[in-house]
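Each chain, letter by letter, is given below.
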Amino acid sequence: MTVRVAVLSDIHANPFALAAVVDDIARQNVDEVIVGGDMVGRGPLGSEVVARIQDLGWPGVRGNHEDYTLNFRRQNVEPDWLTAREWAASRWMAAELLPDQIDFIDTLPFTLAASGDASLRVFHGSPDSHCEGLGVWTDNAIIESHFNKIEESVLVCGHTHRPMVRETPGGLVVNVGSVGLPFNGDPRAQYAIFTQKRDHWEVELRQVDYDREAFLKTYKTTGFMDAGGVTAELLTHEIRHARPFLVPFIKWSEATGREPADMDAMPEFLEVFRPGMSKRDFIKMITPG
Ligand SMILES: [Fe+2]
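The record in UniProt for the protein chain states the following under Sequence similarities (unreviewed entry): "Belongs to the metallophosphoesterase superfamily. YfcE family."

S.K.: Could you clarify how one ought to interpret the domain arrangement of the protein chain in this entry?
M.R.: Size of an interface, as often reported, equals the accessible area lost when the parts are brought together. Domain assignment breaks the protein chain into domain 1 (3-208) and domain 2 (222-286). Here domain 1 and domain 2 have C-alpha centroids that lie 24 Å from each other. At the junction of the two partners, domain 1 supplies 15 residues and domain 2 supplies 17 residues. The residue makeup of the side of domain 1 that touches domain 2, split by class, is eight nonpolar, three polar and four charged.

S.K.: Where do I start with the environment of Ala 261 in this structure?
M.R.: Of note, Ala 261 is situated in the loop between helix H9 (246-255) and helix H10 (266-272). We classify Ala 261 as buried; it has 20 C-beta atoms within 10 Å. Sequence separation between Ala 261 and Glu 167 is 94 residues, and the spatial gap between their C-alpha atoms is 41 Å. If we ignore the near neighbours within four places in the chain, the residues touching Ala 261 are Arg 85, Glu 86, Gly 229 and Val 230.

S.K.: Hey, could you run me through helix H3 (residues 64-73) in this one?
M.R.: A turn of α-helix holds 3.6 residues, and therefore any two residues three or four places apart point the same way. Buried residues of H3: His 65, Glu 66, Thr 69, Phe 72 and Arg 73, and no others. With its buried residues spanning 130° around the axis, H3 presents them on a single face. The secondary structure elements touched by the buried residues of H3 are helix H4 (88-96) and helix H5 (99-105). Following H3 by one or two positions, Gln 75 adopts a phi angle in the positive range, close to 55°.

S.K.: Would you explain the sheet that holds strand E2 (residues 32-35) in this entry?
M.R.: Sheet strands associate in pairs through backbone hydrogen bonding, adopting either a parallel or an antiparallel arrangement. Read from one edge of the open sheet, four strands run E2-E1-E8-E9, paired in mixed fashion. In this open sheet, the two edge strands, each paired with only one partner strand, are E2 and strand E9 (201-208). Going across the sheet, the axis of each strand differs from the next one's by a mean of 20°, ignoring polarity. For strand E8 (residues 189-196) and E9, the ladder comprises eight bridges, and the chain directions are antiparallel. Looking at the pairing, Gln 190 lines up with Gln 207 of E9.

S.K.: I keep staring at helix H2 (residues 46-56) and nothing clicks. Help me out?
M.R.: Among the residues of H2, Gly 46, Glu 48, Val 49, Val 50 and Ile 53 are the ones counted as buried. Buried residues in H2 make contact with helix H1 (15-26), E2, H4 and H5.

S.K.: I keep staring at the pairing of strand E7 (residues 172-175) and nothing clicks. Help me out?
M.R.: Note on strand geometry: in a regular strand, side chains alternate between the two faces of the sheet. Of the two faces of E7, the one lined by Leu 172 and Val 174 and the one lined by Val 173 and Asn 175 are each fully buried. With four bridges connecting them, strand E5 (residues 154-157) and E7 associate as parallel partners. Bridge pairing in E7 places Leu 155 opposite Val 173. Of the strand pairs in this sheet, strand E6 (residues 164-167) and E7 are connected by four bridges, and their pairing is antiparallel. Bridging across to E7, Met 164 finds its partner in Asn 175. Connecting E6 to the antiparallel partner E7 that follows it, the hairpin turn spans four residues, and Gly 171 within it adopts a positive phi of roughly 155°.

So, how was this worked out
- Residues numbered from 1 in each chain as written.
- Predicted model: local features only at pLDDT ≥ 70, side-chain atom pairs only at ≥ 80, totals over all residues.
- UniProt positions renumbered as here; feature names shortened; annotations may be inferred.
- Domains from an automatic or database assignment.
- Contact = placed C-beta atoms within 7 Å.
- Nonpolar A, V, L, I, M, F, W, Y, C, P; charged D, E, K, R; others polar.
- Helix = DSSP H or I, 4+ residues; strand = E, 2+ residues; numbered from the N terminus.
- Buried ≥ 20, exposed ≤ 12 C-beta atoms within 10 Å, placed from the backbone.
- Arc of directions from axis to C-beta.
- Pairing = 2+ DSSP bridges.
- Axes fitted to C-alpha atoms, helices over the stretch in contact; angles between N-to-C directions.

Okay, structure coming up:
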């Protein structure tokens, strides 16, 4: 019997992208769906996403943003993060979840295997950490060391927001990309379907269009844009360009001596920053003189 498993990750509080993927999955004849973490964070509608996942009953693993959210909600962060302007968006997002949704994300396990004898295991980041991103840059030796920690021959992950299918000596690594906040230059919602053949898995990376402008309107209607300041503004650029803006802005602000979360610095940053620029060009840009 052919087994088909869908894995979606990094929804990031974007129910519009999630709805498009749910519709697409409904047409794909899959046996099982697993969520790879980061349902919440970096977006205004985390509670809507968690409610939908609970409703669907899809099992999922814990991402770093589930932990950030729990830590903010429980005030288990540096004391100044509870008042500083640059953490306003994080505080707002953590406060937006309902109490039972906080309990729910706290139940999510670090890893999940596909059911039955399917040889496929899902992590948010890697077997070592939900903050370790596996990508084209990761050495084969590191990947092999990860396969030594698991029994399965397929390691499925997210976290980087960049999809990847990579055959390595240790096994097959698949990064399923991001549903709600991709960074690979393709702004559509992304996920993957795995089909088990006799002696291997076939992987299909899928991309599904959705109404991004309708989602971005909710930044204003929910109050997230006003409360989240620079962070919320930078996230709108990430949604539109499918490239990182937030972390580059923070690094640029530090390098140029700006106050953190200074909205007045945004026009200057946007003037010099090119989405998707290489690390070398970015370092050149943020190096004074
Ligand atoms: Fe993420």
